[in-house]
Amino acid sequence: MSDVRNDVSDVQADRGDVRPGLGDVRPGRLKVFLGAAPGVGKTYRMLDEGRRRAARGADVVVGFVECHGRPGTEAMLDGLEVAGRLPCVYRGGEFEEMDLAAVLERRPQVTIVDEFAHSNVPGEGRNPKRWQDIEELLAAGIDVITALNIQHLESLNDVVEKITRVPQRETVPDEVVRRAQQIELVDIPPEGLRRRMAHGNIYAPEKVDAALANYFRPGNLTALRQLALLWVADRVDEALQSYRSEHGIGGVWETRERVVVALTGGPEGDTLIRRAARIADRSVGGDLLAVHVTRSDGLAAGASHASLARQRRLIEDLGGSYHSVVGDDVATALVEFARAENATQLVVGTSRRGRIERFVTGRGTGETVVELSGDIDVHIVTHERAGRGTLLPSRRRTLSTARRVAGPVTGLLLPVALTFLLDLDWARDRLNLTSEALLFLLTVVGVACIGGVVSAVIASVTASLLLNYWFIPPVGQFTLDDPNALLALAVFAAVAAVVAGVVDRSLRLSRRSARATAEAETMSSLAGTIVRGGATIPALVERTRETFGMDSAELVDEPPDAARASEAAGATVVPAGPSAFLVLRGRTLPSSERRVLSAFAAHVGAAVERARLAEAAAQVEPVKAADRMRTALLRAVGHDLRTPLAAGWAAVTSLRSRDVEFSPEDRDELLATADESMARLNRLIENLLDLSRLQAGALTLNLRATTLEEVLPAALADTPDAEVADLEEIPAVLADPPLLERVIANLVGNAARHSPAGRRVLLTSSAHAGRVEVRVVDRGPGLPPTDLDRLFEPFQRLGDTDNTTGLGLGLALARGLTEAMDGTLTPEDTPGGGLTMVLSLPFAERVEHSSATQSIGGGV
């Protein structure tokens with residue numbers, strides 16, 4: 001047996017210290033033993049952990065453990081204090097549950113609670129689920145050790161059912177398990193588990209062969225083992241990321257292959273994504289992440305939204321995830337994102353700029369990423385757009401450090417170089433003062449484009465001095481004798497300054513426009529996440545942290561003073577609703593990004609408010625449903641129960657009357673009327689009582705193998721003309737015979753009331769995929785699709801039902817009884833007109849085996 005441990009924190013799990021007072025109770029710590037399948041040894045390891053802690057002096061109590069009759073497991077209870085169990089009665093059966101109140105009153109340091117996903121007996125405890133009991137123990141400061149199988153995790157429940165073909169109705173939310181401080185995987189190879197099964201160490205001998213041939217097939221066990229290993233690996237990865245963040249570790253730890261691909265929204269994105277996916281697929285469990293940098297210049301400016309949306313779908317189809325981050329520098333933002341995600345490889349496309357453009361504007365993003373990447377491998381992938389020019393706006397929209405330095409230097413040197421050229425003999429012979437001034441003006445405009453208005457002013461002053469000294473008489477002096485020359489020089493300086501100002505203003509407007517585009521793109525990406533269903537509060541908070549490249553983000557319900565204290569400590573705090581604050585820690589955000597952050601916070605606040613409203617609505621809905629039921633019941637009692645009561649009362653009153661002499665025929669008719677009315681009243685009251693028992697969970701079931709031939713004669717007593725198909729080849733189902741009889745009687749009676757005169761009700765049956773289906777077919781007018789959802793509501797009489805008979809409980813009661821027997825009841829349209837009710841129940845043999853399998857699924 002191999003063990004894989006995931007210790008989320010370094011705090012000692014075994015406490016030998018004195019428990020603090022009630023006023024200082026800290027939350028208890030949760031340790032989960034996770035297994036891939038029943039029988040791997042979770043309960044044994046859980047008890048062994050309890051014995052180990054008890055030997056160290058900890059106060060350990062066994063709150064609830066299911067040993068399943070295994071001697072080795074039962075022996076591990078020796079020396080441990082075992083709390084008494086709470087006896088419960090449900091549907092005529094006797095059960096035992098954990099006595100939560102007794103454990104809380106005992107208040108041990110550590111309690112052992114088996115079967116994390118177990119559902120408590122309805123109405124007998126504080127909570128419907130055992131994991132909720134465990135949360136109460138943790139809140140009381142009690143450490144809890146528990147066990148769980150991988151099939152009971154909510155996120156994997158459907159996957160396990162597809163693999164094993166055994167449904168699991170008891171689940172635990174993944175988030176509850178992820179909050180555990182320790183998760184230990186109890187692992188055993190499939191061959192070893194099957195040997196343990198064959199030796200009788202898991203099931204009783206009579207169940208071994210069936211289990212080995214079904215749930216415990218080698219393929220099933222291998223798949224379940226892989227699911228468990230991958231789930232725990234993800235949990236370990238989360239703990240590693242948290243540890244790196246808390247300790248400020250920026251280097252890459254190559255514990256898992258993680259490939260990041262940079263997207264620009266250009267046509268080369270599909271090529272980059274597929275190349276990155278192939279790299280990630282070279283290692284088992286490799287992660288693929290796509291990132292798009294949203295900024296006021298660079299890759300994000302002018303990016304194609306349609307291309308990004310298509311590339312996002314492609315990355316998700318390939319099993320990757322899409323991310324959008326905000327950064328002032330593309331290369332820096334890419335490397336910071338890769339380091340934050342502990343990426344091992346970074347894929348970028350080669351530059352689409354041509355050689356001349358690269359020479360003028362400097363090195364590209366890929367070269368800068370290589371320089372900043374450090375221990376992250378960088379793949380620069382060529383594509384068909386390489387060197388053919390960019391489809392995006394110019395990358396040099398803002399002044400980089402190189403341009404801020406080169407601008408003033410160019411403003412000084414370019415006019416000097418132009419002066420030397422114009423001072424040559426061939427230039428003096430061909431150019432006049434006007435041409436020379438225009439060439440100097442062109443130089444000033446060029447300097448403005450490179451370095452902005454400051455560099456243009458430097459170039460304008462330098463050009464004016466040189467033009468005055470070298471080209472305006474008297475040459476070689478800074479004095480001006482000609483007023484026209486003075487005017488020309490003044491106009492030149494003014495024009496140069498105005499042109500430089502216009503160029504600089506256009507650059508600023510361009511940056512402002514690009515910033516607005518970037519903000520809109522970021523919000524569009526967030527809106528897309530919400531539309532695709534990722535609008536849960538934790539998802540929005542994590543998306544906010546990721547987008548702004550922060551170290552951490554959390555949503556807190558703190559008073560304004562506490563929020564201001566967090567902001568004073570270096571955190572960025574923005575309000576997210578009337579009583580919530582979004583707290584981000586990391587770099588200092590500029591005002592432009594804080595504006596976008598406020599919009600993100602507004603979305604988070606709206607999500608919080610929606611969650612609160614949904615919770616309030618969920619609390620109100622049962623009250624509304626009960627009120628509707630009570631109103632319908634009063635209306636039904638006032639009308640439907642009064643009708644047979646009045647008829648029977650009238651008949652009995654007439655018979656008791658001494659004023660009228662009735663003939664024997666009249667007397668028999670009145671007695672028959674009274675008898676029929678009382679029988680009808682009795683049926684109505686029985687239906688009401690049974691429906692109430694169903695809703696309260698108090699209906700007693702006696703499930704056993706039942707054939708249709710056993711129940712049909714009594715079920716069809718009131719409709720003897722119903723046509724029944726051959727039933728000889730139909731296997732037995734697991735059902736309660738009297739209840740199944742009532743279900744079929746209700747269905748056939750309902751169909752007979754809807755069938756036209758002369759048309760018989762048809763009852764057919766078939767067996768398929770481990771279930772028996774009974775179809776009750778009528779040839780009435782049927783129901784429109786809009787009424788099908790209301791068909792099984794109590795006190796509803798739809799279609800052509802006679803509103804003078806019945807409470808409208810027949811179909812509601814039939815469905816309730818069917819579901820209590822683990823069956824289904826669904827309506828279908830009858831070909832040619834009418835309604836067909838399909839009753840489906842499982843085979844008796846298959847259900848018995850599945851029940852045995854599930855009974856040991858909670859832990860071993």
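Please read all numbers here as calculations on a predicted model, not as lab measurements.

Further remarks concern the pairing of strand E2 (residues 30–35). Judged by how many residues are buried, E2 sits mostly within the fold: six of six residues are covered. Neither face of E2 is exposed, since Leu-30, Val-32 and Leu-34 on one face and Lys-31, Phe-33 and Gly-35 on the opposite face are all buried. As judged from the six bridges shared by E2 and strand E8 (residues 143–149), these two strands associate in the parallel manner. Bridging from a neighbouring strand, Val-32 pairs with Thr-146 of E8. Relative to strand E9 (residues 182–187), E2 runs parallel, the two sharing five bridges. Considered in E9, the bridge of Gly-35 is made with Val-186.

Below, the discussion takes up the environment of Ala-611. Among the structural elements, Ala-611 can be located in helix H21 (residues 591–639). Note: C-alpha distance between Ala-611 and Ile-537 (74 residues apart in sequence) is 8.5 Å.

This paragraph deals with a nonpolar patch on the surface. On the surface, Val-405, Val-409, Leu-412 and Leu-413 cluster together to form a nonpolar patch covering roughly 360 Å² of accessible area. Within the fold, Val-405 resides in helix H15 (residues 401–422). On the accessibility criterion, Val-405 (53% relative accessible area) is exposed.

Next up on the list: the packing of aromatic side chains. Inspection of every chain in the model, using the stated rule, returns three aromatic pairs. For the cation-ring pair, Arg-85 lies above Phe-64, with the distance from its terminal atom to the ring centre recorded as 4.1 Å. The cationic tip of Arg-130 hangs over the ring face of Phe-64; the distance from NZ or CZ to the ring centre is 4.0 Å.

Residues Ile-112, Phe-116, Leu-137, Leu-148, Ile-150, Phe-216 and Trp-231 are the most contacted members of the largest nonpolar core, which totals 66 residues. Per element, the largest residue contribution to this core is six residues, and it comes from helix H9 (residues 218–246). Beyond its immediate chain neighbours, meaning those up to four positions away, Phe-216 contacts Pro-38, Leu-193, Arg-194, Met-197, Tyr-203, Ala-211 and Leu-221. In this structure, Leu-708, Val-748, Val-761 and Leu-813 belong to the second largest nonpolar core, which totals 37 residues.

What counts, and at which threshold
- Residues numbered from 1 in each chain as written.
- Predicted model: local features only at pLDDT ≥ 70, side-chain atom pairs only at ≥ 80, totals over all residues.
- Heavy atoms only, no water.
- Buried < 20%, exposed > 50% of the residue type's maximum accessible area, 1.4 Å probe, protein only.
- Helix = DSSP H or I, 4+ residues; strand = E, 2+ residues; numbered from the N terminus.
- Pairing = 2+ DSSP bridges.
- Patch = residues over 30% accessible without salt bridge, like charges linked within 9 Å, V, L, I, M, F, W, Y side chains within 5 Å.
- Areas by Shrake-Rupley, 256 points an atom, 1.4 Å probe, with all protein chains shown as cover.
- Salt bridge = Lys/Arg side-chain N within 4 Å of Asp/Glu carboxyl O.
- Phe/Tyr/Trp six-rings, centres within 6.5 Å; stacked < 30°, edge-to-face > 60°.
- Lys NZ or Arg CZ within 6 Å of the ring centre and 35° of its normal.
- Core = buried A, V, L, I, M, F, W, Y, C linked by side-chain atoms within 4.5 Å.
- Contact = heavy atoms within 4.5 Å.

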